[in-house]
Amino acid sequence: MYWIGYDIGSSSIKAALIYEDDGRVLAVEQFPKKEMPIVSEQIGWAEQDPELWWQHVCTLTKTLIEDNRISKNDIKGIGISYQMHGLVVVGKDLKPLRPSIIWCDSRAVTIGENLFHSAGTEKCVEHVLNSPGNFTLSKLIWIKENEPEIYNRIYKFMLPGDFIALKLSGECVTTPSGLSEGIMWDFKNDSLANWLLEDAGIDPSLVSDIKPSFSEQGFVNKQGASESGLPEGIPIMYRAGDQPNNALSLNVMEPGEIAATGGTSGVVYAISGQKNTNEHTRINSFAHTNHKADQTRIGKLLCINGTGIQYSWIKNELTSELSYNQMNQAAESVPVGSDGLQILPFGNGAERMLENCNKGSRIHNLNFNVHKSAHIFRAALEGIAFSFVYGMEILKNDGVDITSIKAGNDNLFRAEVFAKTIATLTQSKINIVETTGAVGAARAAAYAAGKFANMGEATATDKIQLTHEPDATVEPYQEAYNAWKKTLQEYLKN
């Protein structure tokens, strides 16, 4: 018996099959092989056709069944992970009325800021733990203000994962976690933030039915089965946004646990047991997958734009033949602190954790008689690591007491300099685990159906591929970090 999980990204769709008995991975597939198109009709806009996501889901499902020579009837249920903060609007025929406004679209920034003030800044922070910002609700207001003919035809609005569930089941369902990432969940009252919708002029009847993240959220209907290749009648048991789901995939579920990723951008996702925030201008707080009225589990998300993209820029622009592994090895030949060379890696747009500062990257203290390419590699890795540590200090100020750090097996966390620097400065070992969001979604669905006692049991077959321990000698790291932070503070003042 198997469970299937989907990860609806903006670049590609992933799907995974896991064994029901122990959660082992049978297969993982990705489609398309090249990145999906993002339509940008104006600067700052980003849209995708949600029907294209569905087409790729159907292609992947049939591929998994055929290539692994299994019977579709042996698939027992579905879990869904998806790109956060997107907006899909459907009419009464349950078809999209326009392309989805996805996570990286920035057209609604001003709308969110205005709503923050009109609804009450203190009330927003106290009840929804965030400013409405450039999230799902603000994007819906943009449609109301700029495309009233479309707004007036909306039957339900939803997040990307909700749309895929709709295509499978014919039912419009969402979750508290999803509504929280759209900044529509009232944590204080444990309910939809009707007062915020009212201030925004949005009819609450446009909200889909609300069900817990782990629960029966619909069943594959005849049309969903026909198009996808799945058996009719199996349940959708789980859905969550990609960052909460990435944390779940690493079994990061309890306060103090951190899930970190180091791709093009870097993310630190920390679990907190407190329904409050002191840092709403620098981080975002969402309902984690296991958040309940009587069990507070808040995912505090800190994003750093200029991480892996900086290291890839150095590789592509400053080296002609070196691999990442060779760059990493060269960096290890340089002492901690890079002989004074410092790099601020903030050259990929406005940095939220720096309160939307957008001044670009900086190379500081470059000495032509001392520093070689290996120094640049190390300073780059240290600068990114220092940014992670700086972000974790913000999380500590927001009530997070770090107990463990887990990360996926991406390029940055394979770099000893990078991971060792974070581990030493936080005095936390970092466990590297090979998993994917689609695998996590499949396991979460099986857990929701009672096949596993907890997510620890569901992920028990995952092996820790690598552990980075703190260096026994802390002082050089602390001195280098303090010097880097001083440079950062001067950078922010000017």
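Residues numbered from 1 in each chain as written. Predicted model: local features only at pLDDT ≥ 70, side-chain atom pairs only at ≥ 80, totals over all residues. Heavy atoms only, no water.

Chemist: What is the right way to look at the sheet that holds strand β17 (residues 298–304) in this model?
Modeler: Sheets are built from strands that pair by backbone hydrogen bonding, the pairs being arranged parallel or antiparallel. In space, the seven strands of this open sheet follow the order β16-β17-β15-β14-β20-β21-β22, with mixed pairing throughout. The sheet terminates laterally at β16 (284–287) and β22 (464–468), the two strands that pair on one side only. Averaged over all pairs of adjacent strands, the angle between strand axes in this sheet comes to 25 degrees, irrespective of strand direction. Both strand β15 (residues 266–272) and β17 contribute to a ladder of seven bridges, which runs antiparallel. Pairing of I271 across the sheet is with G299, part of β17. Together, β14 (257–262), β15 and β17 form the strand contacts of helix α10 (residues 242–249), whose direction differs from that of β15 by roughly 70 degrees. Most of the contacts of helix α13 (residues 373–397) go to β15, to which it runs at about 25 degrees, and overall it touches β14, β15, β17 and β20 (404–408). (Pairing = 2+ DSSP bridges. Helix = DSSP H or I, 4+ residues; strand = E, 2+ residues; numbered from the N terminus. Axes fitted to C-alpha atoms, helices over the stretch in contact; angles between N-to-C directions. Contact = heavy atoms within 4.5 Å.)

Chemist: Can you help me understand the nonpolar core in this one?
Modeler: Proteins that are soluble and globular tend to have nonpolar side chains buried together. Counting residues in hydrophobic clusters, the biggest one holds 52 residues, and the most contacted among them are F346, F388, F413, F418 and I422. When near neighbours in sequence (up to four residues on either side) are disregarded, F413 contacts A260, T261, G262, F388, A407, G408, F418, A419, I430, I432, L466 and H468. The next biggest cluster of nonpolar side chains, apart from the first, holds 51 residues, and it includes V128, I183, W185 and L192. (Core = buried A, V, L, I, M, F, W, Y, C linked by side-chain atoms within 4.5 Å. Buried < 20%, exposed > 50% of the residue type's maximum accessible area, 1.4 Å probe, protein only.)

Chemist: For this particular structure, what's the right way to read the pairing of strand β1 (residues 2–8)?
Modeler: Consecutive residues of a regular strand have side chains that alternate between opposite faces of the sheet. Burial of β1 is extensive: seven of the seven residues sit out of reach of the surface. Burial of β1 is two-sided: the residues Y2, I4, Y6 and I8 facing one way and the residues W3, G5 and D7 facing the other way are all buried. Pairing between β1 and strand β5 (residues 75–82): six bridges, direction parallel. Pairing of G5 across the sheet is with G79, part of β5. In this structure, β1 lies alongside strand β2 (residues 13–19), joined through seven bridges in antiparallel fashion. Pairing of I4 across the sheet is with L17, part of β2.

Chemist: Explanation requested: the packing of helix α11 (residues 308–318) against α13 in the structure shown.
Modeler: How two helices pack is summed up by the angle between their axes together with the distance between the axes. Two elements in contact, α11 and α13, have axes whose closest approach is 9 Å; the angle formed by their N-to-C orientations is 170 degrees. Judged by the inter-axis angle, α11 sits roughly antiparallel to α13. Residues Q310, Y311 and I314 of α11 pack against I376, F377, A380, L381 and I384 of α13. (Parallel < 35°, antiparallel > 145°, perpendicular 65-115°, else oblique.)

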